[in-house]
Amino acid sequence: MDNAQPRSGSSVVDAEALAERVLIVDFGSQVTQLIARRVRESGVYCEIHPYHKVDAAFVANFAPKAIILSGGPASVTDETGPRTPAAILACGVPVLGICYGQQLMVEQLGGAVEKGRTREFGRALLEIVDDCPLFAGAFALSSREPVWMSHGDHVSILPAGFRSVAVSAGAPFAAIADDVRRLYGVQFHPEVVHTPRGAELLRNFTHRIAGCGGAWTMAAFREQAVGAIRERVGSGRVICGLSGGVDSSVTAVLLHEAIGEQLHCILVDTGLMRAGEAEEVVGLFSGHYNIPLVHRDAADAFLGALEGVTDPERKRKIIGATFIDVFEEEAHKLGGADFLAQGTLYPDVVESVSVHGGPSATIKSHHNVGGLPERMNLALIEPLRELFKDEVRALGRELGLPEALLGRHPFPGPGLAVRILGEVTAARCAILRHVDAIFLDEIRAAGLYDEIWQALAVLLPLHTVGVMGDSRTYDQVAALRAVTSTDGMTADSFAFDHAFLARVASRIVNEVHGVSRVVYDLTSKPPGTIEWE
């Protein structure tokens, strides 16, 4: 992402074709990605770049239609806090500062920011005191609107040319405007769902103030991506690791549309997939789409490597290493390739160039085959690397993939291995696979599947006493978990009625040999996680 240049994975977004794009300068907020999602949802392409990578030359090269300065954990009153070059505020395009971004704008233009005696964290009421283009159709003059605040410092003196357009109990300048220079700032966070009309405010900024037309669509991306893939691949050959998940499936279909039989997919069946999953993938891609696909049943290799292993991190490493070995073996059988395709998404890219300079986020063990490009001397091609998950699903619909696949609940890269607490064996995999199938079958039959973010079953390393007929049993415990969420960062347990859970539990203990007790996990995230390992 440095200097707006793509990584080795290569971008499919043509800068010349995107005359309307927004630059988001990241100062370390935990919700910066939500700004990008809201802007994309309004039909405007945008990119996030860390503040320390953005200088005058970068801005000139990026040529944004507008700029948004994110929030962040630092204090503007601290001399060592992050700053941005004056060129951003003087480049002539509209700028919106959010929280820390607002305070930084004020401080750099000659105003003042001070430590607040009254801090605001959470819901607050915003009082609209003057008309502003940001508020058009969203916040009415003199109204009091719910917003989400997260600040200790606040603006105390406005720079020349600015006026106050909204106030709150802890921020005398909760929203400010310089209409001549098209510079705006808000102390609250319009990007989060807790500011109910925040998306409208951001749309006012990108469309009404910056003049964006909202032409960013998946149809446009599809056409552009196909052309970019063809140009980059040329007559080369591409291999793609196909797991059957949303990301790899959309990647494969998009690549096949662009380069046809120059693409070969490899499905490594680890023995840790859900019931019928491998057969579904083979049927869809080899049958319906006629995409060249190698199906390698490697269950024995994976289960053999996992024998006796109980530590979840060791499980992940073993699965990742075994996957690389098997994938490389099958790739060599195909006669080699020039490119490795992966379903890397934009959140992974953003994390790899985080404000704090941290390492790339760990990619799911066997969905993205880390280590293979170097071992096999392959160039990476990542056609989804500009997209968020919801955009990938929209692209999948554009490509005609079935809704049942696109709406599938998340599934961990290591598969059932991290849903089996303790040792992973073929027998325990079969038990959990059956439990999982019953749970999902009942959820679908009740019409609840699309209301749930993720539903899963976990096999516990416990045995409990039971009674089946007139006999004593001493079998395993299955835990069921279903959560609601918007982004997976936080989650609440799904509120099934008692009759539903009783029906599921009855089916499991009667139909699954080896399970005598069923429990339901009510833990939210935080403090728990969605997966158990």
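Residues numbered from 1 in each chain as written. Predicted model: local features only at pLDDT ≥ 70, side-chain atom pairs only at ≥ 80, totals over all residues. Heavy atoms only, no water.

1. Considering the overall build of the chain
As a reminder of what qualifies: What counts as a helix is a DSSP run of H or I of at least four residues, what counts as a strand is a run of E of at least two, and both are numbered from the N terminus. Should any heavy atoms of two residues lie within 4.5 Å, those residues are considered in contact. Exposure was quantified through the Shrake-Rupley algorithm and a 1.4 Å probe, taking into account, for residues, occlusion by the shown protein chains and nothing else.
Broken down by element type, the chain carries 16 helices and 18 strands. Taking all contacts inside the chain whose residues are at least 6 apart in sequence as the whole, residues at least 24 apart take part in 76%. Accessible area for the chain stands at about 21,800 Å²; split by element, carbon and sulfur atoms hold 51% of it.

2. Some details on helix α7 (residues 246-259)
Selection rule: By definition here, a helix of n residues has an expected span of 1.5 Å times n minus one. Here the term buried applies to any residue with accessible area under 20% of the maximum for its type, exposed to any over 50%, and partly exposed to those in between, with areas from a 1.4 Å probe on protein chains only.
Helix length check: α7, at 14 residues, gives a terminal C-alpha distance of 20 Å against a target of 20 Å (1.5 Å per residue), a fit within 8%. Burial runs high along α7: 13 of the 14 residues are buried. Remark: Gly260 follows α7 within two positions and exhibits a positive phi of approximately 55°.

3. A word on the pattern of salt bridges
Counted only if it meets this: In the sections that follow, a salt bridge refers to a side-chain nitrogen of Lys or Arg positioned within 4 Å of a carboxyl oxygen of Asp or Glu.
Applying the stated criterion across every chain, the model contains 29 salt bridges. Where Arg197 meets Glu200, a salt bridge forms, and the shortest distance between an N and an O atom there is 2.9 Å. Salt bridges sharing common partners tie together Asp441, Glu442, Arg503, Arg507 and Glu511.

4. Observations regarding the side chain of Ser70
Counting through the fold element by element, Ser70 comes out in the loop between β3 (66-69) and α3 (86-89). Taking relative accessible area as the criterion, Ser70 reaches 0% and is therefore assigned buried. If near-sequence neighbours (up to four positions away) are discounted, Ser70 is found in contact with Val25, Asp26, Phe27, Gly28, Ser29, Thr32, Ile35, Ile98, Tyr100 and Gly101.

5. Looking at the environment of Gly72
Inspection of the secondary structure assignment puts Gly72 in the loop between β3 and α3. Sequence separation between Gly72 and Val31 is 41 residues; the distance between their C-alpha atoms is 9.1 Å. Beyond its immediate chain neighbours, meaning those up to four positions away, Gly72 contacts Phe27, Gly28, Ser29 and Tyr100.

6. A short note on the confidence of the model for the chain
Should the pLDDT be low somewhere, the predicted coordinates at that spot are not to be read in detail. Basically, it comes down to this: Summary of the metric used: pLDDT quantifies the predictor's per-residue confidence within the range 0 to 100.
When pLDDT is averaged along the chain, the result is 86; 89% of the residues meet or exceed 70. For the stretch residues 356-367, pLDDT sits under 50, and the model shows 22 contacts to residues farther than four places along the chain or on other chains.

7. A short note on the layout of surface pockets
Condition: Definitions used for this entry: grid spacing 1 Å over protein atoms alone; cavity, a set of points where a 1.4 Å probe fits but cannot get out; pocket, an open set with protein on both sides within 12 Å along at least 5 of 7 lines; lining residue, one with an atom within 4 Å of a point. Grid points are joined across faces, edges and corners, and a volume is the space filled by probe spheres set on the points. We call Asp, Glu, Lys and Arg charged. Ala, Val, Leu, Ile, Met, Phe, Trp, Tyr, Cys and Pro are nonpolar, and the rest, Gly among them, are polar.
If you add up the space inside the second largest pocket, you get close to 450 Å³. Looking at the second largest pocket, it is lined by 19 residues, and the ones nearest its centre are Glu280, Ala404, Arg408, Arg444 and Tyr449. When residues of the lining of the second largest pocket are traced back to their parent elements, those giving at least two are α8 (277-288), α14 (403-406) and α15 (426-445). Of the residues belonging to the lining of the second largest pocket, the class tally is nine nonpolar, two polar and eight charged.

8. Overview of the environment of His189
Quick note on the threshold: Within 3.5 Å is the distance limit for a polar contact, defined as a pair of N or O atoms, with the added protein rule that one can donate a hydrogen and the other accept it, and that residues adjacent in sequence qualify only through two side-chain atoms.
Looking at the secondary structure, you find His189 in the loop between β9 (183-186) and α5 (198-209). In sequence terms His189 and Met149 are 40 residues apart; their C-alpha atoms lie 6.2 Å from each other. Ignoring any residue separated from it by four or fewer positions in sequence, one finds His189 in contact with Ser29, Val31, Gly71, Ile98, Cys99, Trp148, Ser150 and Thr195. Engagement of the side chain of His189 in a polar contact is seen with the side chain of Glu191, the distance being 2.9 Å.

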